[in-house]
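Observations on the three-dimensional arrangement
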Amino acid sequence: MFVDNVKIYIKAGDGGNGAVSFRREKYVSHGGPDGGDGGNGGNIIFRIDKGTNTLLAFKYRHKFIAGNGGNGGGAKFHGATADDLVITVPPGTLIRDAETNKIIHDMTEGDGADYICCKGGRGGWGNRHFATPTRQVPMFAKNGTKGEEREVILELKMLADVGLIGYPSVGKSSILARISSAKPKIADYHFTTLSPNLGVVSTGGESGFVAADIPGLIEGAADGAGLGHEFLRHVDRCRLLLHVVDISCFEGRDPIEDVKMINTELERYSPELATRPQIILANKCDALEGSEVDTEAFESFVAENGWEMMYVSAATGEGLDDMIKLVAERLEELPPLKIYDAEEISDQITVDGKQTTIRRYNDTYIVEGEWLYNLMGQINFDDYESLNFFQNVLKKSGVFDALEAKGCKDGDTVSMYDFEFDYIK
């Protein structure tokens, strides 16, 4: 089964809570606070698995939750930091935000590095951090912060240099099987290929390129006919398209009309994709002898559109070596594989020059940021003056204005790590 688009829920671990503890030893007076800090929660990390080419592993599992950090203890005992949760995906997987559909990260081999999608919560400070000359017995500690959570869409766009497109049964799978070690299913009926197939084509030595056989399009694919556009995402990265047609017209089709129709469907799916360089492969040329096909008219049509054309035969291998050589030459002239840039997520804003995240869940607005976390570690929320200072900082830095811009109104709940309050103008 081929799976190339799934939605999953991911949550990083929460940070452990800091401890309230005091040193008590014989012959030691005024031992003071010694509450340890909580451990950090585990991150959610995506990693490339070069041995997979489908998202089948996510068909029956849709929730991924990392472990929480351990709580702090007495004697400055630090809570355990939780292990990261690593999620492996095939090369070429896009991670999208489920709410906005914007790209968060492109998992490609060119970059190859692990990607932290959700950061674990920070461990809370123990009470030893809050001791001052005037507050020598702090009876409070900080709770750990919540780990980040979100719903994401994993969308696989195969990393192929070349895409073979065309009507069903024109010989795309047969050509791929001839030029690579791929073993796609081949039969003499339409829609034999129900999922994309990848094959590595050698051009001599250690060089080569990756070709993808895309299931056949038919007229009306944009409206759901045949296999629709379900697999065209896998040619989005392709630098070159090999447009295969049945030049023998064995089924009574017109190759000129077939080329026009396929390009119309490409245009309807993606105008940008329809402009990619194409080489027309007139397949089944071994069956031309004695046929009434007007090859001159077809060659003129191809030339008028500025495409290159080659006669090939997947059955006999005729022309395939020259085709591989031509494709390799053209790829040398083309830009590298397309890498998708991350798109700005609207939740991330800049407040007073500081990176801040504001997210809304129902009537609760969650505000987070490194600067805010550090600020809250210095605030005693049981003290009126300290709380008033905190409120003035939020006002002057523009947090309240940013909340209102997000739609926050009187009576809505604002959550900042472990501190919540009702918003009032």
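Residues numbered from 1 in each chain as written. Predicted model: local features only at pLDDT ≥ 70, side-chain atom pairs only at ≥ 80, totals over all residues. Heavy atoms only, no water.

1. A short note on the sheet that holds strand β14 (residues 308-311)
Keep this limit in mind: At least two DSSP bridges between two strands are required for those strands to pair. Numbering goes from the N terminus for both helices and strands, where a helix is a DSSP run of H or I of at least four residues and a strand is a run of E of at least two. Comment: axis = line fitted to C-alpha atoms, over the contacting stretch for helices; angle = value between 0 and 180 degrees taken between N-to-C directions.
As summarised here, the arrangement of the six strands in space is β10-β11-β9-β12-β13-β14, forming an open sheet in which the pairing is mixed. The sheet is open, and its two borders are formed by β10 (197-202) and β14, each paired with just one other strand. Taking the axes of each pair of neighbouring strands and ignoring which way they run, one obtains an average angle of 25 degrees across the sheet. Relative to strand β11 (residues 208-213), strand β9 (residues 162-165) is paired through three bridges, and the arrangement is parallel. Within β11, the residue paired with G163 across the bridge is A212.

2. Let's talk about the confidence of the model for the protein
Short version of the rule: Confidence of the predictor at the level of single residues is given by pLDDT, which spans 0 to 100.
Counting all residues, the mean pLDDT for the protein is 85, and 90% of those residues have values of 70 or more. When pLDDT is averaged over each element of the protein, strand β3 (residues 63-65) comes out on top at 97 and strand β15 (residues 348-351) at the bottom at 71.

3. Description of a nonpolar patch on the surface
The condition that has to hold: Two distance rules govern patches: like charges are joined within 9 Å, and nonpolar side chains (Val, Leu, Ile, Met, Phe, Trp, Tyr) within 5 Å, applied only to residues with over 30% relative accessible area and no salt bridge. Each accessible area is a Shrake-Rupley estimate made with a 1.4 Å probe; only the visible protein chains count as cover when residues are assessed. Note on definitions: salt bridges are taken to be side-chain nitrogens of Lys or Arg within 4 Å of carboxyl oxygens of Asp or Glu. Categorising residues by exposure relies on relative accessible area from a 1.4 Å probe, with only protein chains included: less than 20% of the type maximum marks a residue as buried, more than 50% marks it as exposed, and the intermediate range marks it as partly exposed.
Together, V20, V137 and M139 make up a nonpolar patch on the protein surface, roughly 290 Å² of accessible area in all. With a relative accessible area of 40%, V20 lands in the partly exposed category.

4. As for the pattern of salt bridges
Evaluation of the coordinates by the stated rule reveals 19 salt bridges. As a salt-bridge pair, R253 and D258 come within 3.0 Å of each other at their nearest N and O atoms. With relative accessibility at 8%, the residue D258 sits in the buried group. Linking D412 and K409 is a salt bridge whose minimum nitrogen-to-oxygen distance equals 3.7 Å. Linked through salt bridges whose partners overlap, the residues forming this network are R96, E155, K157 and D236.

5. Examining the nonpolar core
Operational definition: Throughout this description, the term nonpolar core refers to a set of buried Ala, Val, Leu, Ile, Met, Phe, Trp, Tyr and Cys residues connected via side-chain atoms within 4.5 Å. A contact between two residues is defined here by any heavy atoms of the two lying within 4.5 Å.
Core analysis: the largest hydrophobic core is formed by 37 residues, its most contacted members being I175, L281, M323 and V327. Those elements giving two or more residues to this core turn out to be β9, α1 (172-179), β11, β12 (240-246), α2 (255-269), α3 (271-274), β13 (278-283) and α5 (320-333). Looking at which element gives the most residues to this core, the answer is α5, with six residues. Aside from chain neighbours lying at most four places away, what touches M323 is I175, I179, L242, L281, M310 and V312. Of all hydrophobic cores here, the second largest spans 23 residues; its members include I8, C117, L154 and L156.

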